[in-house]
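# Coordinate analysis (summary)
Spelled out, the chains give:
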Amino acid sequence: MKKLIIMGGYGNGTVVQSTVEDINAVKPEWEILGFLNDRETEPINGYPVLGKIDKETVDRYLPDKDVYFFYTLISVKMNHKFLHKLLDLQIPEERFATVIHPTAVISKFAKIGHGVCIQPFVSVGPNTVIGNHVQIYAQALVGHGAKLDNYSYVANNACIGADVHLKEGAYLGTNTSTLEFITLGKWSICGIGAVVLKDVPDFAKMVGNPARQIGSVE
Ligand SMILES: CC(C)(COP(=O)(O)OP(=O)(O)OC[C@H]1O[C@@H](n2cnc3c(N)ncnc32)[C@H](O)[C@@H]1OP(=O)(O)O)[C@@H](O)C(=O)NCCC(=O)NCCS
């Protein structure tokens, strides 16, 4: 069994925990050691809080090569502001676990990086390239040839057209749809229900159908 430490807690952290438990129910793969959390000290869903999300705590576990990490501090508008917190931990990318829910359907021609969580009933088409620390939430569809760069985020029910490119940190909200072949800029946000028909500039905040820019991410 590989060992897993989830950085985060209630919310995205417990979603990852739940996915790992579902994986284990099919075939035991991960021993969840616990969570790292800056605020909580009490167990989260029965798993201990092992310490804060800092280098000192991580360095206690890094020497054990069977220990993997998962980073879940994600917030719609603050993702890039949290990034230094992850990078400061200096964890080698290959020590981040990728967890894929047993009900997800992933093409054998898809490439998937480290620290990725793919949730229930997601479909990932052939020739997609998914980077590191990408989150794909329940029932999302990722069309063939799509490229999801590091830290991009796909919320529930989002539908990504073929050959769409999500640049670093691009965020697609719940129920968004994108036309094929478009590019979503770095750390841009497409709000719930947006229908995105054109390229989105870096840091743009888009809403509506057809999606229009209402501002920029700070
Ligand atoms: C777009 C978003 C990030 C909000 O950005 P914001 O800067 O806080 O925007 P505000 O809430 O101040 O709204 C600004 C305007 O855009 C409108 N708006 C906000 N989100 C919208 C959306 N998804 N669709 C249409 N209009 C929207 C607001 O009604 C408001 O209009 P008004 O000025 O006429 O009153 C947020 O609404 C959103 O959709 N987040 C995605 C959440 C998500 O998908 N989560 C999934 C995981 S749970």
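Here the structure is a predicted model, which means the values were calculated and not measured.

So, about the overall build of the protein chain. Counting secondary structure elements, the protein chain contains three helices and 23 strands. Radius of gyration (C-alpha) of the protein chain: 17 Å, near the 17 Å computed for a compact globule of 218 residues. By its C-alpha atoms, the protein chain is 50 × 35 × 25 Å across when sized along the principal axes. Considering the protein chain as a whole, with its 218 residues, one finds that 38% of them fall into the buried category. Restricting the contact set of the protein chain to residue pairs at least 6 apart, pairs at least 24 apart contribute 27%.

It is common to give the size of an interface as the accessible area lost on bringing the parts into contact. We note that the domain assignment places domain 1 (2–95) and domain 2 (99–207) within the protein chain. Tallying the contact residues gives 16 residues for domain 1 and 16 residues for domain 2. Among the secondary structure elements, those contributing two or more residues to the side of domain 1 that touches domain 2 are helix 1 (12–26), strand 4 (67–71) and helix 3 (79–87). Broken down by element, the residue count for the side of domain 1 that touches domain 2 peaks at seven residues, all from helix 1. Along the lines of polarity and charge, the residues of the side of domain 1 that touches domain 2 split into nine nonpolar, three polar and four charged.

Another aspect to go through is the sheet that holds strand 4. Strand order in the open sheet formed by four strands is 3-2-1-4, with parallel pairing between adjacent strands. Of all the strands in the sheet, just strand 3 (49–51) and strand 4 have a single pairing partner and so form its edges. Neighbour to neighbour, the strand axes of the sheet diverge by 40° on average, direction disregarded. Contacting strand 1 (2–7), strand 2 (30–36) and strand 4, helix 1 runs over the sheet at an angle of about 170° to strand 2.

Rules and cut-offs
- Residues numbered from 1 in each chain as written.
- Predicted model: local features only at pLDDT ≥ 70, side-chain atom pairs only at ≥ 80, totals over all residues.
- Helix = DSSP H or I, 4+ residues; strand = E, 2+ residues; numbered from the N terminus.
- Rg over C-alpha atoms; globule rule 2.2 N^0.38 Å.
- Buried ≥ 20, exposed ≤ 12 C-beta atoms within 10 Å, placed from the backbone.
- Contact = placed C-beta atoms within 7 Å.
- Domains from an automatic or database assignment.
- Nonpolar A, V, L, I, M, F, W, Y, C, P; charged D, E, K, R; others polar.
- Pairing = 2+ DSSP bridges.
- Axes fitted to C-alpha atoms, helices over the stretch in contact; angles between N-to-C directions.

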